[in-house]
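Spelled out, the chains give:
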Amino acid sequence: MSKILIRGAKILGGEPRDVLIDGETIAEVGTGLDAAGATVVEAEGQILLPGLVDLHTHLREPGREDSETVLTGTKAAAVGGFTAVHAMANTFPVADTAGVVEQVWRLGKESGYCDVQPVGAVTVGLEGKQLAELGAMHDSAAGVKVFSDDGKCVDDAVIMRRALEYVKAFDGVVAQHAQEPRLTEGAQMNEGVVSAELGLGGWPAVAEESIIARDVLLAAHVGSRVHICHLSTAGSVEIVRWAKSKGWDVTAEVTPHHLLLTDELVRSYNPVYKVNPPLRTEADVQALREALADGTIDCVATDHAPHPHEDKDCEWAAAAMGMVGLETALSVVQQTMVETGLIDWAGVADRMSFRPAAIGRLEGHGRPVSAGEPANLTLVDPAYRGVVDPAGFASRSRNTPYEGRELPGRVTHTFLRGRATVVDGKLA
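Note that the coordinates shown come from a computational prediction; the quantities given were computed from them, not determined experimentally.

This paragraph deals with the environment of Asp 171. The residue Asp 171 is located in the loop between helix 4 (157-168) and strand 10 (173-176) in this model. Setting aside its immediate chain neighbours within four residues, Asp 171 contacts Arg 225 and Arg 361. A polar contact is formed between the side chain of Asp 171 and the side chain of Arg 361, at a distance of 2.6 Å.

This part takes up unusual backbone geometry. The residue after Glu 61, namely Pro 62, is reached through a cis peptide bond having omega 10°. Within the secondary structure, Pro 62 is located in the loop between strand 6 (52-57) and helix 1 (70-79). With an omega dihedral of 5°, the bond running from Phe 92 to Pro 93 counts as a cis peptide bond. Here Pro 93 lies in the loop between strand 7 (82-87) and helix 2 (98-111). One non-glycine residue, Asp 171, adopts positive backbone phi at about 60°.

Under the defined criterion, the tally for this structure stands at 3 aromatic pairs. Seen in terms of ring centroids, Tyr 166 and Phe 170 are 6.5 Å apart; in terms of plane orientation they differ by 70°. Their pairing is edge-to-face. A relative accessible area of 42% places Tyr 166 in the partly exposed class. Owing to a relative accessible area of 17%, Phe 170 belongs among the buried residues under this scheme. Put simply, the rings of Phe 147, Tyr 166 and Phe 170 touch in pairs and so form one group of aromatic residues. Its end group placed over the ring of Tyr 384, Arg 410 keeps NZ or CZ at 5.2 Å from the ring centre.

Our focus in this paragraph is the sheet that holds strand 9 (residues 146-147). Strand order in the open sheet made by the 5 strands is 9-10-13-14-15, with parallel pairing throughout. In the strand order of this sheet, the two ends are held by strand 9 and strand 15 (299-300), each with one partner. Sheet topology places strand 14 (residues 250-254) next to strand 15; 2 bridges connect them, and they run parallel. The residue of strand 15 that forms the bridge with Val 254 is Val 300. Contacts from helix 7 (residues 234-245) reach strand 13 (226-228) and strand 14, with the element oriented near 150° to strand 14.

Among the 6 residues of strand 7, 6 are classified as buried, and the element is accordingly described as predominantly covered. Pairing of strand 6 with strand 7 involves 4 bridges; the strand directions are parallel. In the strand pairing of strand 7, Asp 54 is matched with Val 85. Note on the crossover from strand 6 through helix 1 to strand 7: the handedness is right-handed. Alignment of strand 7 against strand 8 (residues 115-118), held across 4 bridges, turns out to be parallel. Bridge pairing links His 86 to Gln 117 in strand 8.

Okay, the layout of surface pockets next. For the largest pocket, the calculated volume is near 590 Å³. What lines the largest pocket is a set of 24 residues, and nearest its centre among them are Val 79, Glu 327, Tyr 384, Phe 393 and Arg 410. When residues of the lining of the largest pocket are traced back to their parent elements, those giving at least two are helix 11 (329-338), strand 16 (377-387), strand 17 (406-416) and strand 19 (426-427). It is strand 17 that contributes the most residues to the lining of the largest pocket, 5 residues altogether. In terms of residue class, the lining of the largest pocket is built from 12 nonpolar, 7 polar and 5 charged.

Rules of the game
- Residues numbered from 1 in each chain as written.
- Predicted model: local features only at pLDDT ≥ 70, side-chain atom pairs only at ≥ 80, totals over all residues.
- Heavy atoms only, no water.
- Helix = DSSP H or I, 4+ residues; strand = E, 2+ residues; numbered from the N terminus.
- Contact = heavy atoms within 4.5 Å.
- Polar contact = N/O pair within 3.5 Å; in protein donor to acceptor, adjacent residues only side chain to side chain.
- Phe/Tyr/Trp six-rings, centres within 6.5 Å; stacked < 30°, edge-to-face > 60°.
- Buried < 20%, exposed > 50% of the residue type's maximum accessible area, 1.4 Å probe, protein only.
- Lys NZ or Arg CZ within 6 Å of the ring centre and 35° of its normal.
- Pairing = 2+ DSSP bridges.
- Axes fitted to C-alpha atoms, helices over the stretch in contact; angles between N-to-C directions.
- Right-handed = clockwise from strand over helix to strand, strands pointing away.
- 1 Å grid on protein atoms, 1.4 Å probe; cavity = no way out; pocket = protein on both sides within 12 Å on 5 of 7 lines; lining within 4 Å.
- Points joined across faces, edges and corners; volume = space filled by probe spheres on them.
- Nonpolar A, V, L, I, M, F, W, Y, C, P; charged D, E, K, R; others polar.

Below is the structure:
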């Protein structure tokens with residue numbers, strides 16, 4: 001493989017440095033490095049980050065290739081600066097056996113745009129009644145370490161306890177979709193002033209918070225790891241903060257859209273804003289930003305949820321829940337967290353690479369930008385401003401809530417083990 005010299009990039013927002021990539025590895029970091037025999041990437045004014053890692057991506061394959069495939073989803077990931085994604089289990093068939101997770105893993109290997117780490121289902125068919133083949137999925141070629149019934153809550157406390165006990169044996173983690181089903185029957189949006197005015201069924205914050213409270217207690221009782229998916233309320237933040245103060249092994253993620261958008265947007269009745277968990281209030285948004293800044297929330301995860309046009313371009317009640325997010329995540333984090341002064345670029349690297357890789361026990365990713373490390377890297381132009389146009393997305397789906405909105409920043413280059421997957425903002 002050829003050498004690549006990234007010249008003058010600000011590593012994690014620090015002083016400009018040159019980074020020499022030789023094959024799959026970072027060979028040298030310094031100033032005035034010799035460019036002989038290397039392809040030079042001029043990166044003055046740009047930020048160099050470790051490749052981003054997403055703990056929560058829906059790639060839809062197998063079964064819903066009309067929404068997304070592993071190939072199109074990993075292309076979208078690369079454009080967004082991601083070098084690794086965790087593929088959620090709610091496929092058709094469900095990823096609840098070693099065979100299905102290995103299929104997804106091999107498709108990721110074939111795509112070549114980013115690493116794909118399958119997430120195994122907690123229960124058979126996501127039905128919440130019987131534990132899936134957790135051990136077999138872990139022992140498979142895919143080496144599954146994260147398990148989730150995302151899209152559905154593991155609401156049976158006994159099943160949740162058994163799952164936590166089981167994964168403890170191999171340092172796995174259960175990632176919970178916190179939604180008490182009885183409290184959200186018929187819910188269409190966040191329960192509050194806006195839902196009352198619109199006459200839409202409300203989704204109360206307590207439906208999320210009550211499950212989180214139960215599960216952090218279960219994790220403490222078992223001595224196992226639990227991860228909270230797409231945390232969305234100020235009350236949930238306080239529960240996680242309390243659990244961490246006890247020293248319990250609890251982690252949590254927040255989505256980019258919950259850092260920026262509020263339930264006021266639902267007044268348009270545009271189904272692009274219909275998502276699970278729902279968009280919350282401005283007070284919740286501020287609490288989530290502060291919690292991400294102070295480390296109560298560990299990481300940003302996209303919850304990239306592609307849907308075909310017909311599943312979103314319909315009346316609100318019939319529309320599918322979810323938003324695409326891989327290609328806009330870093331820009332939203334720059335706007336909501338960096339440009340507001342809540343975190344710096346080193347903080348972005350921590351919340352979008354180091355911590356998610358550590359939670360997923362993902363090898364080769366979330367590593368420092370230093371000599372001897374795998375060359376999984378993301379180069380960002382923070383001065384760029386552009387209007388979001390989903391027509392240009394690499395994803396197969398277009399259900400973005402940011403269409404027509406100006407967002408800052410652009411990924412100019414993504415490197416996966418030294419190979420450029422994105423060059424000058426376009427797929428290589």
